[in-house]
Amino acid sequence: MDALATSPAVAAHEDQERGPSHLAPDCAGQNFYALDRGLRELLPLYLTPEEFRDLEPHFDRLGALAGGRLDELARAADKHPPVLNPRDRFGRDEDWIDYHSSYREMETIAFSDFQFHAMSHRAGTLGMDRLLPAVAKYALQYLFVQAEFGLMCPISVTDTSIHLIRRFASQELKDYLLPKMLSGDVATMWKGTQFMTERAGGSDVGAIETVARYQDGEWRLSGDKWFCSHADADVALLLARPEGAASGTSGLALFALPRRLKNGRRNAYRIVRLKDKLGTRSMASGEILLEGAVAYLVGEVSSGLKQMMEQVNLSRLSHGVRAAAMMRRCVNEAMVCARSRQAFGNTIIEYPLLRRQLLKITLPAEQSLSMFLFAAHTMDRANAGEKEAETLLRILTPLLKFRACRDNIPVATGSMEVRGGNGYIEEWVHARLIRDAHVGVLWEGTSNINALDIITRAVGKSRAHRLLDAALGKLLDQATAIPAMFRDRLRETLSRALNLAERVAAEPRLEQDARTAASALYHVTSAILMTCEAAHPNTDARRALYARLVLEHRLGARDPLEPMATDWEREAAELIFTERQVSLSEVVPLLQA
Ligand SMILES: Cc1cc2nc3c(=O)[nH]c(=O)nc-3n(C[C@H](O)[C@H](O)[C@H](O)COP(=O)(O)OP(=O)(O)OC[C@H]3O[C@@H](n4cnc5c(N)ncnc54)[C@H](O)[C@@H]3O)c2cc1C
């Protein structure tokens, strides 16, 4: 670990402090909570005053860690990926994975110190005498991921595996697994994961070929799981087809697969190899061969996929949060550079073209922040028993996953470009942010699969868009500080986006428009949320300017052969790039210009 303390990143930062340098600083050493005006101001809108008072010290502490020690560890873990040992020195198939000490230290922060995996399931994490609200959990994930993305997969999938076991497993299985999985002792706890994808199908889950045989009073699984993140987890939830069950998704059952049997011996499955991945390099994804492995049935044998989809949806929300987090890191890195780098005698933030670039990366980051907090709050309401919130969450989750993960890719590249050539060099964080960004459009459903989920299921079957309409309409009614003309414009755009989604859902020949319709719903929802947030007295009013920019650039038509620059946008950029709080009276004229 000593090597980390003098790593090039730290040395570069110290050099910045010692004296003038030609290179712009990065965010190393900053507190990512203190830096994040949007998060600090929006959290009190979604947490009770008591929750915010009790939890803010933890946000602040994690923000400092994310900009400090965690960031250093993440850089090291990315450079020292996990290594699979398929056999021991006696030739026994005792496969195990070696991790760098930096990864292990991050695990301790996540599973022992903050106990992310347990905060939704038992009291006592972070000194709280109750479960943490989803808003707080996802805000903490958002801070953590600004430093480390790879480990959030094992953290989140342990959390979601616990959810599934609590909800669907028999009492006996709960008693066996939950105490181990809910432990805060990283050395002995059992972590979870989820293996679904096989060579025959990732999107097409019904093509799964893994077979489950019931023999001598227990289930045994045989098959080949092709993408297994957190490959050496202690418990994997997976889908398999019981012998004789129907083909397709209806014949799949859900199982919990322990890595060790009750007698302490290795279960009959092997990690055959690890994937050499573009990103998420700190975390081990592998291929797993099931050779008659013992597994426990979870829930009804005929409800496998239905149950598994609960885990998928929870993961999708977390993926949206992770994309929001990485975009925030990109914005912070770009801003700190733009405010300091000199070119042609000026700081580069003063140049109109550079400002435009900054807006293009800021806007998706701010949209995703508003979207994930609203979705997490909706989850809190659903957990409190509100049926309508449950349906609303049904559409918010894939919307966030689909669009935020997609936006993360150009945002990461845009942030690199603001830094210039150094952004392309692996010593700086941008290369890792670009590599990590891409997996968001693949796992837990590709962009197409999420867009189809939004349009055909959430809109077409669940009619969840009607609840979205009602919820957003109510928010607009309450935001009386915002001019009626602008709110009417938002209402009209919402109505058109809903209409498009309904048409695409109803007419199979329009399926190719599913992504366009889903994007429109995301953009208008985020614009309404940001407008209504700006109407709150203690919130920075520039969020309403973001909303107008979304309307103009994401939802409006424009002639590509006409100049885009407008006076209102130039004035908006002036306000957006000031470092002070912006008041509503400054913003209102620009909403109507
Ligand atoms: C690093 C990494 C880690 C992973 N970890 C895990 C894990 O831990 N557990 C797990 O279960 N899986 C995991 N996955 C697998 C991931 O979830 C799948 O790769 C993903 O769901 C896509 O499946 P596929 O690769 O089979 O592609 P396919 O399903 O073959 O898709 C190929 C293309 O076809 C498109 N497509 C498919 N169907 C349609 C349709 N109806 N309409 C339009 N387009 C369509 C897709 O959008 C995609 O562009 C991981 C993947 C990666 C890259």
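Remember, predicted model here, so these are calculated numbers, not experimental data. (Residues numbered from 1 in each chain as written. Predicted model: local features only at pLDDT ≥ 70, side-chain atom pairs only at ≥ 80, totals over all residues. Heavy atoms only, no water.)

Within the chain, the regular secondary structure consists of 20 helices and eleven strands. Taken over the C-alpha trace, the chain has a radius of gyration of 24 Å; the compact-globule value for 593 residues is 25 Å, and the two agree within 12%. Projected onto its principal axes, the C-alpha positions of the chain cover 75 × 60 × 50 Å. In the chain, which comprises 593 residues, the share counted as buried stands at 58%. Carbon and sulfur atoms provide 52% of the accessible area of the chain, an area that totals close to 24200 Å². Charged side chains of the chain number 73 positive and 76 negative; the gap between the two group centres comes to 3 Å. (Helix = DSSP H or I, 4+ residues; strand = E, 2+ residues; numbered from the N terminus. Rg over C-alpha atoms; globule rule 2.2 N^0.38 Å. Buried < 20%, exposed > 50% of the residue type's maximum accessible area, 1.4 Å probe, protein only. Areas by Shrake-Rupley, 256 points an atom, 1.4 Å probe, with all protein chains shown as cover. Lys, Arg positive; Asp, Glu negative; His and termini not counted. Charge placed at Lys NZ, Arg CZ, Asp CG, Glu CD.)

Here we come to the environment of Gly63. Within the secondary structure, Gly63 sits in helix α4 (residues 49-67). Here Gly63 falls in the buried class, since its relative accessible area comes to 0%. Separated by 209 residues in sequence, Gly63 and Val272 have C-alpha atoms that sit 38 Å apart. Discounting residues that sit within four places of it in the chain, Gly63 has contacts with Gln30, Asn31, Phe32, Tyr33 and Leu143. (Contact = heavy atoms within 4.5 Å.)

What follows covers the pairing of strand β4 (residues 211-215). In this structure, β4 lies alongside strand β5 (residues 218-229), joined through five bridges in antiparallel fashion. Paired with Tyr214 across the strands is Trp219, a residue of β5. Hairpin geometry of β4 and β5 is characterised by an intervening segment of two residues between the two adjacent antiparallel strands and by a positive phi of about 45° at Asp216. One ladder, built from two bridges, connects β4 with strand β6 (residues 235-242); its direction is parallel. From the neighbouring strand, Ala212 faces β6, where its bridge partner is Pro242. (Pairing = 2+ DSSP bridges.)

In this structure, the second largest pocket occupies an estimated 620 Å³ of space. Forming the boundary of the second largest pocket are 27 residues, of which Leu35, Arg37, Asn332, Met335 and Arg339 lie nearest the centre. Taken together, the elements giving at least two residues each to the lining of the second largest pocket come down to α3 (37-46), α10 (304-338), α11 (352-383) and α18 (542-554). Of the residues assigned to the lining of the second largest pocket, the class counts are ten nonpolar, six polar and eleven charged. (1 Å grid on protein atoms, 1.4 Å probe; cavity = no way out; pocket = protein on both sides within 12 Å on 5 of 7 lines; lining within 4 Å. Points joined across faces, edges and corners; volume = space filled by probe spheres on them. Nonpolar A, V, L, I, M, F, W, Y, C, P; charged D, E, K, R; others polar.)

Looking at the ligand, there are 19 residues lining it, with Met196, Thr197, Ser203, Ser229 and Thr446 nearest. A distance of 2.7 Å separates an oxygen atom of the ligand from a polar backbone atom of Met196. Contact distances for the ligand include 2.7 Å between an oxygen atom and a backbone N or O atom of Ser229. Relative to its unbound accessible surface of 980 Å², the ligand loses 64% to contact with the protein. Among the secondary structure elements, those contributing two or more residues to the shell around the ligand are β3 (192-195), β5 and α14 (447-461). (Near = heavy atom within 4 Å. Polar contact = N/O pair within 3.5 Å; in protein donor to acceptor, adjacent residues only side chain to side chain.)

Here β3 shows a buried face lined by Gly192 and Gln194 and a second buried face lined by Thr193 and Phe195. Relative to β6, β3 runs parallel, the two sharing four bridges. When the sheet's bridge partners are listed, Gln194 is paired in β6 with Leu237.

Under the criterion given, the structure shown has ten aromatic pairs. Pairing Phe149 with Trp443 gives two aromatic rings, centres 6.1 Å apart and planes at 45°, and the pair type is tilted. Of this pair, Phe149 sits in the loop between α7 (134-145) and α8 (152-168) while Trp443 sits in the loop between α13 (430-437) and α14, and the two are 294 residues apart along the sequence. You'll find Phe149 and Trp443 in the same group, each marked buried. Relative to Phe255, the ring of Trp219 has its centre 5.3 Å away and its plane inclined at 65°; by these criteria the two rings are edge-to-face. Taken as a pair, Trp219 in strand β5 and Phe255 in strand β7 (residues 253-258) lie far apart in primary sequence, 36 residues in all. Phe255 shares its class with Trp219; the two are buried. An aromatic cluster of three or more residues is present, and its members are Phe114, Phe116 and Phe144. Over the aromatic face of Trp226 sits the side chain of Lys275, whose NZ or CZ is 3.5 Å from the ring centroid. (Phe/Tyr/Trp six-rings, centres within 6.5 Å; stacked < 30°, edge-to-face > 60°. Lys NZ or Arg CZ within 6 Å of the ring centre and 35° of its normal.)

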